[in-house]
Amino acid sequence: MKQILTLIVYDLRIQLRERGSVALLLVAALLAGFGLFEGARFDRHAREAVAAAQAQEAQARNAANVLAQRYFADPGAAEFKDLQWFRTPVDVRGYAFREHVGFAEKPLAAGGALAVGQADLQPAYVRVRAESMQSARTAVEIEHPARLAAGRFDLAFFVVYLWPLILLALCTSVLTQDRESLRLRALQLQGVSQGRMLAAQAMARTLGATALLLVLCSAAALLAGAVAVTSAGLHALAAWAGVVLLYSAFWGAAAMAICAACGNRMTAAFAGFGAWLVLAIMLPAATTATIHLAAPVPQREHYVQAMRDAGDRVPAGLPRLERAVALEKQMSGVERQFQQAGSQRQALFDQVLIISPVTLAYESMAVIAGHDGARHQRFMSEVQQHQLQLRAYFQNAIQLAVQGDAKRHCATTCLGGYGFRDFDGVPRFSASAALHASPQLPSQLAALGVWIAVLLALSAASLRWAGRRTTR
C-alpha cells in the first residue's frame, strides 16, 4: 500500500510539472466557467420571464378591478361611450374570450443553472385561456431552428462532451509512456503489478482533476449566485457533483482499458479519440435513431389537417366555449394517438437509456436542473387540469349572465346581465407539491457503475493477455 501511495504522489507531482497538463486543466476551468456563466444567464432570463408574466397577470387583474369600479359606478359616463362588450373585462364574455390574462408558471429548480437541458424548447410558463389549450401546447421558445438543433453551450455540455477528452488526454500516457521508455520492468521489480500501477495512476489523475473541477465550479456557482445557498441549492449541487464524479470515473475506466490494450502513447491517443467518438457521438445517435424507428410519432401535418377537418364538422352556431368543447371531442382520437406515441417513445427512451452512458449522464444533469422532459410533461398535465377548471368557471359565469340578462335586460352592460367584476375569484394556476419538490436522480444512473465494472474487467483481461504474449 505504501508503494502505491508513493507512486500516486510521485505521478501527480510529475503531472503538475508538465506544462501541457497544467495548460489543459486551465483551459478546462475556463470552458467550465463559461458554460456555468451561460447556464446561469439562461436561468436568470427564465426567472425574469416568469416574474414578468406574474407581474403582467397581477397588473391586468388590478387594471380590470379599477375599470370595473369606475364603470359600474357610472355606466353612462362619456369614457365608456364607445365601449365594446367583446373588448372589455367588465363584460364576462369579453373577459373570458379576450381580456383575461392568466399564466401557468413551472417552478424553477434550484439547480437550473447547472444544465439547460430541454428548457430552450419547453418554456417555463405558458398563457392559459379558457377556450382551449392550443396556446399552451404550441408555446415554444422563439429562436432560430439551427440554434435549437445545435443546443446551447452550458456546463452540462462541457462535462458530457469535452471533459472526457481532457481526461483521456491526461490518462493515455499511463503505462504506455513507461513501456516506451522501458521503465516498466524496473517498476515491476519493486513489487508493483501492472494492474495496480494502471489503476493507481489513471484513477489518481482522473479523480484529482475531477476534484479540482468540482471545487472550482461549486465555488463559482455559489459565489456568483448561480446556485442559491439554500438546502435545495446545496442538494442540487451535491447531486450534480455526484453525477460528475461517477461520469469521470467511467471515462477513467475507459482510459484504463485503452492503456492496458495499447503499446505506446500514439496508439493510445488515437484509440482514446476513437472511443470518445463511438461513446459520445455514434452511440447516442444510433440510440436516438433506433427509438425514432421503433416508436414513430405521427407527423405534425396530420394533426393540423385533422384540426381543420374537425373544425368543418363542428356546427358554426354554437357558443364559443361549447364549440371549443365540441372541437376537442372531435380531436380526441387524434390527440390520444399523439399522446400514446409520445408516451411509447418516452418509455422506450427510459428503457434504453442505460445503453448510452453519455446520454444517461446528460439526462441525469437535466433532471437535477429540473429541465427534463418528464417534469415538463407533468407540468403540462397540471396546466390542462387548470384550463378545464378555468373553462368550467367561465361557462358557469356566462350561463348565469344569460339567465340574469333574460330576467332584467339592460340597454348597456350591467351587473344584472353580462356585467362582471369578480376578477379575484377567477381560478389561478398553482403548481403541485411534486413540481415544487427537489428533483431526484433517475434510478438508471446505477448503470454507470455497471459500465465501470465492465471496463475494469476489460482492462484486467487486456493486461493478462499482454502478459501471456510477453511470456511466449
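Residues numbered from 1 in each chain as written. Predicted model: local features only at pLDDT ≥ 70, side-chain atom pairs only at ≥ 80, totals over all residues. Heavy atoms only, no water.

Undergrad: Teacher, can you tell me more about a nonpolar patch on the surface here?
TA: Side chains of Leu165, Phe273, Leu277, Val278, Ile281 and Met282 sit close together on the surface and give an oily, nonpolar patch of about 500 Å² of accessible area. Broken down by element, the residue count for the nonpolar patch peaks at five residues, all from helix 11 (residues 265–294). Here Leu277 lies in helix 11. On the basis of relative accessibility, which here comes to 33%, the residue Leu277 falls in the partly exposed class. (Patch = residues over 30% accessible without salt bridge, like charges linked within 9 Å, V, L, I, M, F, W, Y side chains within 5 Å. Areas by Shrake-Rupley, 256 points an atom, 1.4 Å probe, with all protein chains shown as cover. Salt bridge = Lys/Arg side-chain N within 4 Å of Asp/Glu carboxyl O. Helix = DSSP H or I, 4+ residues; strand = E, 2+ residues; numbered from the N terminus. Buried < 20%, exposed > 50% of the residue type's maximum accessible area, 1.4 Å probe, protein only.)

Undergrad: Help me out: how do you make sense of the nonpolar core in this one?
TA: What tends to happen in soluble globular proteins is that the nonpolar side chains get buried as a cluster. One finds Leu155, Phe158, Trp240, Trp251 and Met365 to be the most contacted residues of the largest nonpolar core, which totals 69 residues. At the level of secondary structure, the elements contributing two or more residues to this core comprise helix 2 (19–73), helix 6 (155–171), helix 9 (194–223), helix 10 (231–261), helix 11, helix 14 (357–369) and helix 17 (447–471). Ala64, Leu67, Phe80 and Val426 belong to the second-largest nonpolar core, a separate cluster that totals 34 residues. (Core = buried A, V, L, I, M, F, W, Y, C linked by side-chain atoms within 4.5 Å.)

Undergrad: Is there a simple way to explain the pattern of salt bridges in this structure?
TA: When their charged atoms lie close together, side chains carrying opposite charge are able to pair. On inspection of all chains with the given rule, the structure shows 10 salt bridges. Salt-bridge contacts for Arg70 lead to Glu79; the nearest nitrogen and oxygen are separated by 3.1 Å. Using a relative accessible area of 39% as the deciding quantity, one classes Arg70 as partly exposed. The network of salt bridges with shared partners includes Glu57, Arg61, Asp424 and Arg428.

Undergrad: Any chance you could explain the environment of Met197 here in plain terms?
TA: In this fold, Met197 is placed in helix 9. As for Met197 and Ile4, which are separated by 193 residues in sequence, their C-alpha atoms are 7.4 Å apart.

Undergrad: In this structure, what is going on with the side chain of Ser248? I would like to understand it.
TA: Position of Ser248 relative to the elements: it lies in helix 10. Given a relative accessible area of 0%, Ser248 falls into the buried group. Apart from residues no more than four positions distant in its own chain, Ser248 is found in contact with Trp163, Leu167, Thr206 and Thr210. (Contact = heavy atoms within 4.5 Å.)

Undergrad: Could you clarify how one ought to interpret the packing of aromatic side chains in this entry?
TA: The relation between two aromatic rings is expressed through the spacing of the ring centres and the mutual angle of the planes. Inspection of every chain in the model, using the stated rule, returns 21 aromatic pairs. For the ring pair Phe250 and Trp451, a centre distance of 6.0 Å and an interplane angle of 85° mean the geometry is edge-to-face. Of this pair, Phe250 sits in helix 10 while Trp451 sits in helix 17, and the two are 201 residues apart along the sequence. Using a relative accessible area of 0% as the deciding quantity, one classes Phe250 as buried. The class for Trp451 is partly exposed, based on a relative accessible area of 25%. For Arg93, the ring lying beneath its charged end belongs to Trp85, and the centroid distance is 4.2 Å. (Phe/Tyr/Trp six-rings, centres within 6.5 Å; stacked < 30°, edge-to-face > 60°. Lys NZ or Arg CZ within 6 Å of the ring centre and 35° of its normal.)

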